[in-house]
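As a plain string of letters, each chain reads:
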Amino acid sequence: MDYITQIISWISQAASGIVLPLWSLLLFYDARRRKEYAEARGAEADNITQYAAEWKELYEKRDAECAVKDTKIDWLYQEKESDRQRIRDLQEKNAALALENQALRFRECKVRGCARREPPSEY
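Because the structure is a prediction, the values reported are computed rather than measured. (Residues numbered from 1 in each chain as written. Predicted model: local features only at pLDDT ≥ 70, side-chain atom pairs only at ≥ 80, totals over all residues. Heavy atoms only, no water.)

1. Describing the pattern of salt bridges
Next up, step 1: Tallied over the full model, the rule gives three salt bridges.
Next up, step 2: For Glu81, the salt bridge identified is with Arg88, shortest N-O distance 3.5 Å.
Next up, step 3: On the accessibility criterion, Arg88 (37% relative accessible area) is partly exposed.
Next up, step 4: We note a salt bridge from Arg86 to Asp83, for which the minimum N-O separation is 3.6 Å. Residue Arg86 and its partner Asp83 are located together in helix H1 (residues 2-106), separated by three residues, close to a single helical turn.
Next up, step 5: A relative accessible area of 47% places Arg86 in the partly exposed class.
Next up, step 6: Residue Asp83 is classed as partly exposed on the basis of its relative accessible area, which comes to 30%. (Salt bridge = Lys/Arg side-chain N within 4 Å of Asp/Glu carboxyl O. Buried < 20%, exposed > 50% of the residue type's maximum accessible area, 1.4 Å probe, protein only. Helix = DSSP H or I, 4+ residues; strand = E, 2+ residues; numbered from the N terminus.)

Below, the structure written as structure tokens:
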């Protein structure tokens, strides 16, 4: 009987030392793997969120730079249009002065005196 008790104690020690850890390893392996997978997915999601935040920040910077450039371009176009308008006004004034000069040359009196006016005119 003593011998059987000793064998049962060895079997129980082997079961508690070898079989139970193996059993728990097999039993909880899937849960541990799912937990690690969930942690990895969470870390990946955090990483993707960080990348998205960086890209959003870069997009906003680029958008602000484009807005500044657009403002500058609009201002330059306005300045260019005002220059064109000033040139048009000066060309019109120059053409009017050229016509007036030509009319005055036509009416210019080459000989002083009313009787022999060249060219004859109503004046």
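So, next bit.
2. Observations regarding a nonpolar patch on the surface
Next up, step 1: Taken together, the side chains of Tyr3, Ile4 and Ile8 present a nonpolar region at the surface, about 350 Å² in accessible area.
Next up, step 2: Of note, Ile8 is situated in helix H1. (Patch = residues over 30% accessible without salt bridge, like charges linked within 9 Å, V, L, I, M, F, W, Y side chains within 5 Å. Areas by Shrake-Rupley, 256 points an atom, 1.4 Å probe, with all protein chains shown as cover.)

Geometric descriptors of this kind do not, in isolation, establish any biological role.
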